[in-house]
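# An overview of the molecular structure
The residues making up each chain are set out below.
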Amino acid sequence: MNHFPSSMGSFPATRLRRNRADDWTRRLVAENSLSRDDLIWPVFLKEGSGTREAISAMPGQVRVSLTELPDHVGRAVELGIPAIALFPATPVQRKDSEGTHALDPDNLICRAARLLKATFPKLGLIGDVALDPYTDHGHDGVLRQGRVANDETLQVLAAQAVVQAQAGIDTLAPSDMMDGRIGALRSALDLAGFNDVRLISYAAKYASGFYGPFRDALGSAAALKGDKRTYQMDPANSDEALREVALDLQEGADMVMVKPGMPYLDIIQRVKATFAVPTFAYQVSGEYSMLKAAIDHGWLDPDTVILEALMAFKRAGCNGILTYFALEAAARLKHG
């Protein structure tokens, strides 16, 4: 069926190539734009001092100790990236079955938040709320009789959220996919006086194979017992994502996210078209590592594919993108 207006012209009077003829014309008629303001850089933290530890599964990415963190993050600040997301690699000896280290106000992410707020007060800090970095079984919640216990996990996540807010995290990003966690976090934050701390919900987070390098970076891959399919979404489902987003918005989410990114562009587009709320995507570790491997082998041109891949998220309706390419993209956009 033809959905175009009957008044639209036809060839040869209408030639669509006319508006592609010059750079200035292409810029004027572009339907979407990508800028440094769209980028969020995920940063991996590690204990220790004076350390930048390469992540083998994610070439070009590192785990950084707090002594190196201001210099590391300073690159993003200089490039005009508005926010970073913090992910701690918790030492094995501080993990247990209940994820209790998540509630320690002196844990790695809290110390990093205090340091960064003192150093870069205008930089946005996004904190991951989930228990998988802290549990010895690798799941995002507490286990009861071999299953992740939804309601008991909510109590721990709510306390974790308050601890991170107290440390200076601006925006909390619950990635656990427990039912009701947005409402639980919002209530706990408001009760503690953190009414202005935002919630960016991983509203549609799929049980994906694209997370492998990230789990290696955090050291949770080896610890994971079983899989996460009882709480993360089935990749076959699309309508269910809209139900998840609707519930999170009702419970108080300020922004929503779809994860992974490129394999789920259709979900991003549906979410944005349905709800018209701030919508984000996470270009996850597997997406990054695939592109980076092809770039490093000379099979793809980084000057083209990095920005092209990110533009796909904008075209689908994203307001922002979590991407490990944030520094490279910002540098290209700055000089482009």
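Since the structure is predicted, the reported quantities are computational estimates derived from the model, not experimental observations.

Let us look at the overall build of the protein chain. The number of helices and strands found in the protein chain is 11 helices and 12 strands. At 21 Å, the protein chain has a C-alpha radius of gyration in line with the 20 Å of a compact globule built from 336 residues. If one aligns the C-alpha atoms of the protein chain with their principal axes, the spans along those axes are about 70 × 45 × 40 Å. Restricting the contact set of the protein chain to residue pairs at least 6 apart, pairs at least 24 apart contribute 75%. Surface exposure of the protein chain reaches about 15600 Å², of which carbon and sulfur atoms provide 52%.

As recorded in UniProt, the sites labelled "binding site: Mg(2+)" (unreviewed entry) are Glu244. Following the sequence through the fold, Glu244 ends up in helix α7 (residues 239–251). Its relative accessible area of 14% is what places Glu244 among the buried residues. Leaving out residues up to four positions away in the same chain, Glu244 has contacts with Met177, Ala203 and Met233.

Put simply, helix α4 (residues 150–167) and helix α5 (residues 181–191) touch, their axes get as near as 9 Å, and they point 45° apart. Relative to α5, the element α4 lies oblique. Judged by the sense of rotation from one axis to the other, the crossing of α4 with α5 is right-handed. Where α4 approaches α5, its residues Leu154, Leu157, Ala158, Ala161, Val162 and Ala165 are matched on the opposing element by Arg181, Ala184, Leu185, Ala188 and Leu189. Tallied by class, residues from the contact of α4 with α5 come to 10 nonpolar, no polar and one charged.

Summarising burial for strand β1 (residues 39–46): eight of the eight residues are buried, a large majority. Across the two faces of β1 the burial is the same, with Leu39, Trp41, Val43 and Leu45 and Ile40, Pro42, Phe44 and Lys46 all buried. Inspection of the sheet shows β1 paired to strand β4 (residues 83–89) by seven bridges, in the parallel sense. Note that in β4 the partner of Phe44 across the bridge is Phe87.

Turning our attention to the packing of α7 against helix α8 (residues 265–275). For the pair α7 and α8, the least separation of the axes is 10 Å and the interaxial angle reads 45°. For the element pair α7 / α8, the angle class is oblique. Here α7 runs over α8; the crossing is right-handed. Contacts between α7 and α8 involve Asp239, Ala241, Leu242, Val245, Ala246 and Leu249 from the former and Ile267, Arg270, Val271, Thr274 and Phe275 from the latter.

Let us look at the pairing of strand β11 (residues 279–283). Within β11, five of the five residues are buried, which leaves it mostly tucked inside the rest of the structure. Across three bridges, the pairing between strand β10 (residues 255–259) and β11 is parallel. For Val256, the partnering residue across the bridge sits in β11 and is Thr279. Between β10 and its parallel partner β11, the chain crosses via α8, and the hand of that crossover is right-handed. Looking at chain direction, β11 and strand β12 (residues 320–323) are connected through four bridges and run parallel.

Within the fold, Ala161 resides in helix α4. Ala161 sits in the buried class, given a relative accessible area of 0%. Sequence-wise, Ala161 and Pro174 are 13 residues apart; in three dimensions their C-alpha atoms are separated by 8.5 Å. Non-local contacts of Ala161, meaning those with residues more than four positions away in its chain, are made with Val129, Leu172, Leu185 and Leu189.

So, about the environment of Ala204. Mapped onto the elements of the fold, Ala204 is located in strand β9 (residues 198–205). Counting along the chain gives 67 residues from Ala204 to Val271, while the straight-line C-alpha distance between them is 9.4 Å. Residue contacts for Ala204: discarding those within four places in its chain leaves Met233, Ala241, Met257, Val258, Lys259 and Ile267.

A separate point is unusual backbone geometry. A cis geometry characterises the amide bond from Phe11 onward to Pro12, with omega recorded as 10°. With respect to the element layout, Pro12 can be found in the segment before α1 (23–29).

Turning our attention to the nonpolar core. In this structure, Phe44, Leu69, Ile84, Leu86 and Tyr282 are the most contacted members of the largest nonpolar core, which totals 104 residues. The element that contributes the greatest number of residues to this core is α4, accounting for nine residues. Here Tyr282 is in contact with Pro42, Phe87, Tyr202, Phe214, Met257, Val258, Lys259, Pro260, Gly261, Glu287, Leu322 and Tyr324, once residues within four sequence places are set aside.

Rules used throughout
- Residues numbered from 1 in each chain as written.
- Predicted model: local features only at pLDDT ≥ 70, side-chain atom pairs only at ≥ 80, totals over all residues.
- Heavy atoms only, no water.
- Helix = DSSP H or I, 4+ residues; strand = E, 2+ residues; numbered from the N terminus.
- Rg over C-alpha atoms; globule rule 2.2 N^0.38 Å.
- Contact = heavy atoms within 4.5 Å.
- Areas by Shrake-Rupley, 256 points an atom, 1.4 Å probe, with all protein chains shown as cover.
- UniProt positions renumbered as here; feature names shortened; annotations may be inferred.
- Buried < 20%, exposed > 50% of the residue type's maximum accessible area, 1.4 Å probe, protein only.
- Axes fitted to C-alpha atoms, helices over the stretch in contact; angles between N-to-C directions.
- Parallel < 35°, antiparallel > 145°, perpendicular 65-115°, else oblique.
- Left-handed = near helix turned anticlockwise from the far one by under 90°.
- Nonpolar A, V, L, I, M, F, W, Y, C, P; charged D, E, K, R; others polar.
- Pairing = 2+ DSSP bridges.
- Right-handed = clockwise from strand over helix to strand, strands pointing away.
- Core = buried A, V, L, I, M, F, W, Y, C linked by side-chain atoms within 4.5 Å.

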